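# Structure at a glance
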Amino acid sequence: MKRLLNTLYVTSEGAWVRKDGQNVVVEIDGAERGRAPIHLLGQIVCCAEAGVSAPLMGFCASQGVTVAFLDRAGRCLARVEGPQRGNVLLRRAQHAATLGDARLPVARAVVAAKAANQRGVVRRVLRDHAASMTEEARNALDGAERRLGDVARLALECPGIEALRGHEGDGAAAYFGVFGHMIRHEGFGFAGRSRRPPRDPVNAVLSFLYALLALDCRAACEIHGLDPQMGFLHADRPGRMSLALDLMEEFRAPIADRVCLSLFNRRQLRPGDFLHEETGAVLLSDDGRATVITAWQERKRETLRHVWFDETVPIGLMPQLQAQLLARHLRSEIDGYPPWFWR
């Protein structure tokens, strides 16, 4: 159980959440593990297979406290809430903030954080493994690290959305141009990012991890009352979860990419974990997918300190916290959107 400001996150398997007077009580195996007064909460998010009593759900609805349920993949299964009390106002504010140049402040923050976090991954590899690299690899990584630092700085001053997308593209080219140097498993190579379909095992793992991350970010948007289709950086397109894609940019490198690198560098994945189709597509086998999901869940359970909230939380809750901050910014509760910089 983790309470972060006005949200109670229930993350323990088999937990039971019930009402006791004016309090929300969390029990595990019949033992009370925590409680919180209802007036301190804005919502309850069950991130695991937790049960919630009917009296509590009714009480939360009457008090304006939302109860949300996520499945194991991070998808939002359901929300229990009372009469709407401002959600439409939040979405109207989101709509206004995503039009024209009004979208720039949030989009700049997203791109700057993405580039800075990609730079952090490159710097971590240089710190830990530079001595065992070839001179060519070290020089390439040094150059990418400098370029990503430039992209982060330029993004914060960018005058327009198209130029900002250009800077994001430059950063991605620099980052994935050296991604192969960060893989130390001689059995797997990486010649560049390929998406639809992935053309090699590394791209297959990246695409799968990005899909898992996108689910987490979409759920985070829905839980905090945001429209996941109405984005700031990504263009609106039918069927595209533009805001979820915006939100996940900050987390691609420090969460998904680091899981991918660890899986290959620790030799947790083997050639037999991949299926090669006649079309040239490379996909994960059932065993390979299970290995990736296990590593993904382990990574999400690791903890980091969130600077803005000044709390140590599981990495898997970071998209929830950033969606919460974005909603607070759109409601004018905070002056700007503070992106997440990995440290």
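Reading guide: rules and limits
- Residues numbered from 1 in each chain as written.
- Predicted model: local features only at pLDDT ≥ 70, side-chain atom pairs only at ≥ 80, totals over all residues.
- Heavy atoms only, no water.
- Salt bridge = Lys/Arg side-chain N within 4 Å of Asp/Glu carboxyl O.
- Axes fitted to C-alpha atoms, helices over the stretch in contact; angles between N-to-C directions.
- Helix = DSSP H or I, 4+ residues; strand = E, 2+ residues; numbered from the N terminus.
- Parallel < 35°, antiparallel > 145°, perpendicular 65-115°, else oblique.
- Left-handed = near helix turned anticlockwise from the far one by under 90°.
- Contact = heavy atoms within 4.5 Å.
- Core = buried A, V, L, I, M, F, W, Y, C linked by side-chain atoms within 4.5 Å.
- Buried < 20%, exposed > 50% of the residue type's maximum accessible area, 1.4 Å probe, protein only.
- Pairing = 2+ DSSP bridges.
- Phe/Tyr/Trp six-rings, centres within 6.5 Å; stacked < 30°, edge-to-face > 60°.
- Lys NZ or Arg CZ within 6 Å of the ring centre and 35° of its normal.

## Topic: the pattern of salt bridges
Evaluated as defined, the whole model comprises 19 salt bridges. Arg305 is the salt-bridge partner of Asp310, the closest N and O atoms lying 3.1 Å from each other. Via salt bridges that share partners, Lys114, Glu168, Glu249 and Arg252 belong to a single interconnected network.

## A closer look at the packing of helix 6 (residues 201-223) against helix 8 (residues 252-265)
Where helix 6 contacts helix 8, the axes come no closer than 10 Å and their chain directions differ by 140°. The orientation of helix 6 relative to helix 8 falls into the category oblique. The two elements helix 6 and helix 8 cross, and the hand of that crossing is right-handed. Together, Pro201, Val202, Val205, Leu206, Leu209, Tyr210 and Leu213 of helix 6 and Arg252, Ala256, Asp257, Val259, Cys260, Leu263 and Phe264 of helix 8 make up the contact between the two elements.

## What about the nonpolar core?
Within the largest apolar cluster, 88 residues are counted, with the highest numbers of intra-cluster contacts made by Phe179 and Val205. Ranked by residue count, the leading element in this core is helix 6, at 14 residues. With residues up to four places along the chain from it excluded, the contact list for Val205 reads Cys260, Leu263, Phe264, Leu269, Phe274, Leu284 and Val292. If you look at the next biggest cluster of nonpolar residues, it comprises 20 residues, including Val10, Val17, Ile44 and Val52.

## Focus: the pairing of strand 4 (residues 23-28)
Counted residue by residue, strand 4 has 5 buried out of 6 residues, so it is predominantly covered. Note: strand 3 (residues 16-20) against strand 4, 5 bridges, orientation antiparallel. Its bridge partner lying in strand 4, Asp20 is registered against Asn23. The antiparallel hairpin formed by strand 3 and strand 4 contains 2 residues in its connecting segment, where Gly21 sits at a positive phi of about 65°. In terms of strand pairing, strand 4 meets strand 5 (residues 31-37) through 6 bridges, oriented antiparallel. Along strand 5, the bridge assignment pairs Ile28 with Ala31. Linking strand 4 to strand 5, which pair antiparallel, is a turn of 2 residues; within it Asp29 sits at a positive phi near 55°.

## With respect to the packing of aromatic side chains
Overall, the coordinates contain 10 aromatic pairs when judged by the stated rule. Three or more aromatic residues joined by ring pairs make a cluster, and in this case those are Tyr175, Phe176, Phe179 and Phe190. Above the ring of Phe59, the side-chain terminus of Lys19 is found at 4.9 Å from the ring centroid. If you follow Arg252 out to its NZ or CZ, it ends over the ring of Tyr210, 4.6 Å from the centre.

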